Amino acid sequence: MSPTRGGAQEDQAGEADSVDREAISGAAEGGKGTWRHAAFHVVTTIATPAAYAPLPFALASLGWPLGVCSLVIGTLVTWCSSLVVASLWQWNGEKHTSYRLLAKSIFGGSNFSPMIPLCIDQVIVNIPEVYERFTLSDDKKLHFVEGPWGYWYVSFFQQVASVGNNVAIQIAAGTSLKAVYMHYYPADDGAAVTLQHFILLFGAFEIFLSQLPDIHSLRWVNATCTASTIGFAVTAISVTLYEGHRIDRKEVGYSLQGTTTTKIFRGFNALGTIAFSFGDAMLPEIQSTIREPVRRNMYKGVSTAYLLIVMSYWTLAFSGYWSFGSEVQPYILSSLTAPAWAIVMANLFAVIQITGCFQIYCRPTYAYFEEHIQAKNTRRKAWVWRLMYTSVYMAAITLVAAAMPFFGDFVSVCGAVGFTPLDFVLPALAFLKAGKLPKNPGLRHAIKALGSTVTVLFCVVGALACIGAIRAIVFDIKTYKFFHDM
């Protein structure tokens, strides 16, 4: 090999290494969080009031048999998917600090060089992982892995999930804050503060929290949010059961409402709601903050979080549907009427919990700004740039939430378009490609068949849920005006 060619390749390798150095620097230093911190983060990310408050309405749209089956399947599949994503930590010897980098390492990256044959017989030219991944077959020839779709696939759907989730969260926070306000200042007393005012107030507070540098810096915020999750679940479930016993049970019906077409599309919409309720598009980002042994701590944290999630999700979903039947509201707290002090408590718990979840889902967008804008403009101080792009992001999210406060519809769209690909489809594909499959041929084929079935099934579910959600938004826009005070 000529010196010129070797020098060029060394330069290429150096450039590639510099491209990826910043992305993996945080992981190289090692995380500091414990499995308890992992549980706090996962619970805060998944078990938000915005996620499980719509579950009774989803059950009402599907009916008891299909609703219960969908909820149980969603729980089991996402728990297994979370463990699969956690198991792929350092699957190739490298640490991946974000979902995008994990997908890039498995399916291909965003900065591919042209494919040229650099392996002849047993002579292999070293190309950094940032450019290509390859395998060496028995005939000693180089075979490149598929094209660069993984990075952009996750980047797109993670942004959809993050932005959609935060719009829904803003609406839920504004709704809860207004409910507290209305308790002390009823509408008949001339209260003039609208839902949009509370959405704006919540957005201003989130700009303040957005100045914290990373997810690990939110650990105590998320510990408080986890406690609020328990408080919300206990309060909401207790008040729901109390209301259910107060209501004349003969007046509660469980039949599906509307025409055949309406029932079908409401069912599609409900599938998106259930997908949203288990959405967690941030597991690698959380895992990068955890100390060694990372996999074991993450398994323990995820399983602990799901134990709490199952106890709260299933209980609230079943008790809410039992109490109010087909008349249950998309946001369960809107169905509650007494006792007033307990409803105020539930709403306050909801707002506290939502603040931490909002912050976690901001981080992929903030990371994009930091990688592509702040890194190229070093003349300003880092905190100035952070204040600028967090303010722009919050202004955009707040404007959308205030203009179209259709909580249930945003939940369904976000679940269908954002969380279904990331939490149901991608983990199965990633495990089939990079996971450690058993050596037993029968078991190996069974796992491959199961993974393929999950992929196809939830692709269909995501498409149907998206159709139902878009139809619901179209109908709501016809019914309500922009900036409608719900």
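Parameters and conventions
- Residues numbered from 1 in each chain as written.
- Predicted model: local features only at pLDDT ≥ 70, side-chain atom pairs only at ≥ 80, totals over all residues.
- Heavy atoms only, no water.
- Helix = DSSP H or I, 4+ residues; strand = E, 2+ residues; numbered from the N terminus.
- Buried < 20%, exposed > 50% of the residue type's maximum accessible area, 1.4 Å probe, protein only.
- Contact = heavy atoms within 4.5 Å.
- Areas by Shrake-Rupley, 256 points an atom, 1.4 Å probe, with all protein chains shown as cover.
- Core = buried A, V, L, I, M, F, W, Y, C linked by side-chain atoms within 4.5 Å.
- Axes fitted to C-alpha atoms, helices over the stretch in contact; angles between N-to-C directions.
- Parallel < 35°, antiparallel > 145°, perpendicular 65-115°, else oblique.
- Left-handed = near helix turned anticlockwise from the far one by under 90°.
- Patch = residues over 30% accessible without salt bridge, like charges linked within 9 Å, V, L, I, M, F, W, Y side chains within 5 Å.
- Salt bridge = Lys/Arg side-chain N within 4 Å of Asp/Glu carboxyl O.
- pLDDT = per-residue confidence, 0-100.
- Nonpolar A, V, L, I, M, F, W, Y, C, P; charged D, E, K, R; others polar.
- Expected span 1.5 Å × (residues − 1).
- Phe/Tyr/Trp six-rings, centres within 6.5 Å; stacked < 30°, edge-to-face > 60°.
- Lys NZ or Arg CZ within 6 Å of the ring centre and 35° of its normal.
- Arc of directions from axis to C-beta.

Engineer: Please clarify how the overall build of the protein chain should be interpreted in this entry.
Structural biologist: Along the protein chain, the regular secondary structure elements total 16 helices and four strands. The proportion of buried residues among the 486 residues of the protein chain is 51%. Considering only intrachain contacts with a sequence separation of at least 6, the fraction spanning at least 24 residues in the protein chain is 84%. Carbon and sulfur atoms form 66% of the exposed surface of the protein chain, whose accessible area is close to 22,100 Å².

Engineer: I tried to follow the environment of Ile352 on my own but got confused; where do I start?
Structural biologist: Inspection of the secondary structure assignment puts Ile352 in helix 13 (residues 340-372). We classify Ile352 as partly exposed; its relative accessible area is 37%. Ile352 sits 130 residues away from Asn222 along the chain, and the two C-alpha atoms are 9.7 Å apart. Contact partners of Ile352, with chain neighbours within four places excluded, come to Thr224, Cys225 and Ser228.

Engineer: Just checking my understanding: could you explain the nonpolar core for this structure?
Structural biologist: The nonpolar side chains of a soluble globular protein tend to be buried, and buried together. Core analysis: the biggest nonpolar cluster contains 104 residues, and Met298 and Tyr313 have the highest contact counts within it. Tallying contributions element by element places helix 13 first for this core, with twelve residues. Apart from residues lying up to four places away in sequence, Met298 is in contact with Ala38, Val42, Ala86, Leu283, Ile286, Gln287 and Ile290.

Engineer: Help me out: how do you make sense of the packing of helix 7 (residues 150-184) against helix 14 (residues 382-403) in this one?
Structural biologist: Between two packed helices, what matters for the description is the angle formed by their axes and the separation of those axes. Taken N-terminus to C-terminus, the directions of helix 7 and helix 14 make an angle of 60 degrees; their axes are 9 Å apart at the nearest point. Our classification of the angle between helix 7 and helix 14 gives oblique. Taken as a pair, helix 7 and helix 14 cross one another with a handedness that is right-handed. Residues Ser162, Val163, Asn166, Val167, Gln170 and Ile171 of helix 7 pack against Tyr393, Met394, Ile397, Thr398, Val400 and Ala401 of helix 14.

Engineer: Explanation requested: a nonpolar patch on the surface in the structure shown.
Structural biologist: Taken together, Leu399, Ile477, Phe482 and Phe483 make up a surface patch of nonpolar side chains, about 410 Å² in accessible area. On the secondary structure map, Phe483 appears in the segment after helix 16 (441-479).

Engineer: Which parts of the structure should I look at to understand the confidence of the model for the protein chain?
Structural biologist: Fine structural detail should not be taken from predicted coordinates in areas where pLDDT scores are low. Chain-level pLDDT for the protein chain is 78 on average; 81% of the residues reach the 70-or-more range. For the stretch residues 1-28, pLDDT sits under 50, and the model shows 25 contacts to residues farther than four places along the chain or on other chains. Confidence drops under pLDDT 50 across residues 110-147; counting only partners more than four residues distant or on other chains, this segment forms 67 contacts.

Engineer: Looking at this model, I keep getting lost on the packing of helix 6 (residues 99-107) against helix 7. Mind explaining?
Structural biologist: In contact at an axis separation of 7 Å, helix 6 and helix 7 are set at 155 degrees when each is read in the N-to-C sense. By the angle between their axes, helix 6 is roughly antiparallel relative to helix 7. Relative to helix 7, helix 6 is oriented so that their crossing is right-handed. Listed contacts from helix 7 to Tyr99, Arg100, Ala103, Lys104 and Phe107 of helix 6 are Gly150, Tyr151, Val154, Ser155 and Gln158. Among the residues forming the contact of helix 6 with helix 7, the class breakdown is five nonpolar, three polar and two charged.

Engineer: For this particular structure, what's the right way to read unusual backbone geometry?
Structural biologist: Apart from glycine, the bulk of residues carry a negative phi angle, and the bulk of peptide bonds sit in the trans form. Across the junction of Glu292 and Pro293, the peptide omega takes the value -10 degrees, indicating a cis bond. Looking at the element boundaries, Pro293 is found in the loop between helix 11 (283-287) and helix 12 (294-324). Within the chain, Gln90 stands out as a residue other than glycine whose phi angle is a positive 60 degrees. Assignment of secondary structure puts Gln90 in the loop between helix 5 (64-87) and helix 6. Of the residues examined, Gln90 reaches a relative accessible area of 25% and is grouped as partly exposed.

Engineer: For this particular structure, what's the right way to read the side chain of Thr78?
Structural biologist: Within the fold, Thr78 resides in helix 5. Excluding anything up to four places from it in sequence, Thr78 contacts Phe278, Tyr306, Asp423 and Phe424.

Engineer: Help me out: how do you make sense of helix 10 (residues 260-277) in this one?
Structural biologist: Because each turn of an α-helix spans 3.6 residues, side chains separated by three or four positions end up pointing in the same direction. Counted at 1.5 Å a residue, the expected span for helix 10 with its 18 residues is 26 Å, and the 26 Å between its end C-alpha atoms agrees. If you check which residues of helix 10 are buried, you get Gly267, Phe268, Asn269, Ala270, Gly272, Thr273, Ile274, Ala275, Phe276 and Ser277.

Engineer: Just to check I follow, could you spell out the packing of aromatic side chains for this structure?
Structural biologist: Given two aromatic rings, their pairing is described by the distance between the two centres and the angle made by the two planes. The full count for this structure, using the stated rule, is 17 aromatic pairs. Ring centres of Trp64 and Tyr321 lie 4.6 Å apart, and the angle between their planes is 40 degrees; this geometry places the pair in the tilted category. Separated by 257 residues along the polypeptide, Trp64 in helix 5 and Tyr321 in helix 12 bring together distant segments of the chain. With a relative accessible area of 32%, Trp64 lands in the partly exposed category. Note on Tyr361 and Phe419: the rings are 5.8 Å apart at their centroids and 80 degrees apart in plane angle, and the pair reads as edge-to-face. Taken as a pair, Tyr361 in helix 13 and Phe419 in helix 15 (residues 407-434) lie far apart in primary sequence, 58 residues in all. For the residue pair Tyr361 and Phe419, the accessibility class agrees, reading buried in each case. One aromatic cluster in this structure is built from Tyr52, Phe232, Phe278 and Tyr313. Over the ring of Trp322 we find Arg249, and its NZ or CZ is 4.1 Å from the ring centre.

Engineer: Is there a simple way to explain helix 8 (residues 195-209) in this structure?
Structural biologist: A rise of 1.5 Å per residue sets the reference length of helix 8, with its 15 residues, at 21 Å; its end C-alpha atoms lie 22 Å apart and thus fit the reference within 8%. When helix 8 is considered as a whole, its buried residues turn out to be Leu195, Gln196, Phe198, Ile199, Phe202, Gly203, Glu206 and Leu209. Buried residues along helix 8 cover an arc of 160 degrees about the axis, so they all sit on one side. Away from its buried face by more than 90 degrees, helix 8 exposes Leu200, Leu201 and Phe208.

Engineer: Teacher, can you tell me more about the environment of Ser61 here?
Structural biologist: Mapping Ser61 onto the fold places it in helix 4 (residues 55-62). A sequence separation of 203 residues divides Ser61 from Ile264, and the C-alpha atoms of the two residues are 8.8 Å apart. If sequence neighbours within four positions are ignored, Ser61 has contacts with Leu256, Lys263, Arg266, Gly267 and Ala270.

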